[in-house]
Amino acid sequence: MVEHRLATFVHVSDTHIGDLDPRTGDAALDESVRRRWEKGGHFYGFFGHTHVALAQLAAFYGRLREDEGARLIHTGDLTRWGGARQLALADRYFRSRLDTPGGPVGLDDPTALELAVPGNHDHWPGNGHVFGRCDPAVRRAFGALPVPPRRLALRGGRSLLFAGIDSDADVWGWGPSRALARGAFRSQLRKLAKALPAPGADEVRVLLLHHSPVHLGPQLGLARGSRAALDRFVARHRFRILLTGHIHVPGGRVRRFAHGDVLEARAGTAVLRDFLPEEWVRSGHGPLAPLPQDALLVHRVFETAAGLEWRTTLHLRTKSGFEDRGPLPGAEGLAVPRSA
């Protein structure tokens, strides 16, 4: 049997779109951002996007949308520090075009955020601070949360069922989990469980969440109760694919569950500033270690003689755009036999 490609998805995360610098179109870097950086390198999520990366992502997605009918998946941290203004900027970039000093730039896809979940930065109050109540604009930007089940029919009677959770939903805005960027979301799993239909024959289930279960430890990880609840949820509702972000470094892992192998594919930062301003380097203040290179994932679903196969490739951003670096390490492919 000749294999057939059934669907293509461009998976981005941690775009951290910030207020525009009127000279460059990059996210503006003020003195408060520099002070945070000098306190420790883990604060570089405050750097925000660069204009060149926005343009490269738009060009890459546009090509795959035209050539393969690709759809976008976003797994959180749409913005640098939340708030209505940054959420509106991000919405314009993804759904239409964003006016910048270098001209309009954007994905120009009204459906671009239909498969999207918020991240911890999106829950920040929008004033440059970490602690505080999230802006009501978060709910308007992402719609119903958890993301209700959405089925995508494939040829041959197969289908993909997508759903998503807000993995910051149970985090108190003034507590240690907010400071440590730790996820807590048991309430989201309970709500989503009530909305899920019974698993169908030849259906593959895909769950979107910002925090990565692969990551262990108190910082950037999951609350213990949420981690255990997620494993039970995945097993009970027969999810086979988890798509995540948050760590800023792409990676993959396959774990064995009773219903079969489960793949987690984690995207890196797609358009975040991944270099230090020259004047910061010259000053010698703050950490000077290289920042993770921008990266995105492309997921392709194939029909093969054995059934369905989910394949993920890693694409790193260079001066010439996003370049294919082959299969995502740890996620070289997941086969799902018929009647999975």
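Everything that follows concerns the structure shown earlier in this document.
Residues numbered from 1 in each chain as written. Predicted model: local features only at pLDDT ≥ 70, side-chain atom pairs only at ≥ 80, totals over all residues. Heavy atoms only, no water.

**Observations concerning the sheet that holds strand β5 (residues 203-208)**
Pairing is mixed in the open sheet, where six strands are placed in the order β3-β4-β5-β6-β8-β7. At either end of the open sheet lies a strand with only one pairing partner, and these are β3 (147-153) and β7 (251-257). Averaged over all pairs of adjacent strands, the angle between strand axes in this sheet comes to 20 degrees, irrespective of strand direction. The sheet contacts of helix α6 (residues 186-195) involve β3, β4 (159-164) and β5, and relative to β3 the element is tilted by about 45 degrees. (Pairing = 2+ DSSP bridges. Helix = DSSP H or I, 4+ residues; strand = E, 2+ residues; numbered from the N terminus. Axes fitted to C-alpha atoms, helices over the stretch in contact; angles between N-to-C directions. Contact = heavy atoms within 4.5 Å.)

**Focus on unusual backbone geometry**
Working note: non-glycine residues mostly have negative phi, and peptide bonds are mostly trans. In this chain, Leu-145 is followed by Pro-146 through a cis amide linkage whose omega measures 0 degrees. If you trace the backbone, Pro-146 turns up in the loop between α4 (137-142) and β3. Even without being a glycine, Asp-108 presents a positive backbone phi close to 55 degrees. Take Asp-108: it is sitting in the loop between α3 (84-95) and α4. A positive phi angle, close to 70 degrees, is found at Leu-220, a residue other than glycine. Topologically, Leu-220 is positioned in the loop between β5 and α7 (224-237).

**Overview of the side chain of Thr-15**
Mapped onto the fold, Thr-15 is located in the loop between β1 (4-12) and α1 (31-39). For Thr-15, a relative accessible area of 0% puts it in the buried group. A polar contact of 3.0 Å, which involves the side chain of Thr-15, links it to the backbone oxygen of Leu-78. (Buried < 20%, exposed > 50% of the residue type's maximum accessible area, 1.4 Å probe, protein only. Polar contact = N/O pair within 3.5 Å; in protein donor to acceptor, adjacent residues only side chain to side chain.)

**Here we look at the packing of aromatic side chains**
For the structure on display, the rule yields eight aromatic pairs. Aromatic pair Tyr-93 and Phe-94: ring centres 4.9 Å apart, planes at 80 degrees, arrangement edge-to-face. As far as burial versus exposure is concerned, Tyr-93 and Phe-94 are alike and both buried. Cluster of aromatic residues (ring-pair linked, three or more members): Phe-9, Phe-162 and Trp-310. One cation-aromatic arrangement involves Arg-80 over Trp-81; the distance from NZ or CZ to the ring centre is 4.3 Å. Positioned above the aromatic ring of Phe-302 is the side chain of Arg-311, whose terminal nitrogen or guanidinium carbon lies 4.1 Å from the ring centre. (Phe/Tyr/Trp six-rings, centres within 6.5 Å; stacked < 30°, edge-to-face > 60°. Lys NZ or Arg CZ within 6 Å of the ring centre and 35° of its normal.)

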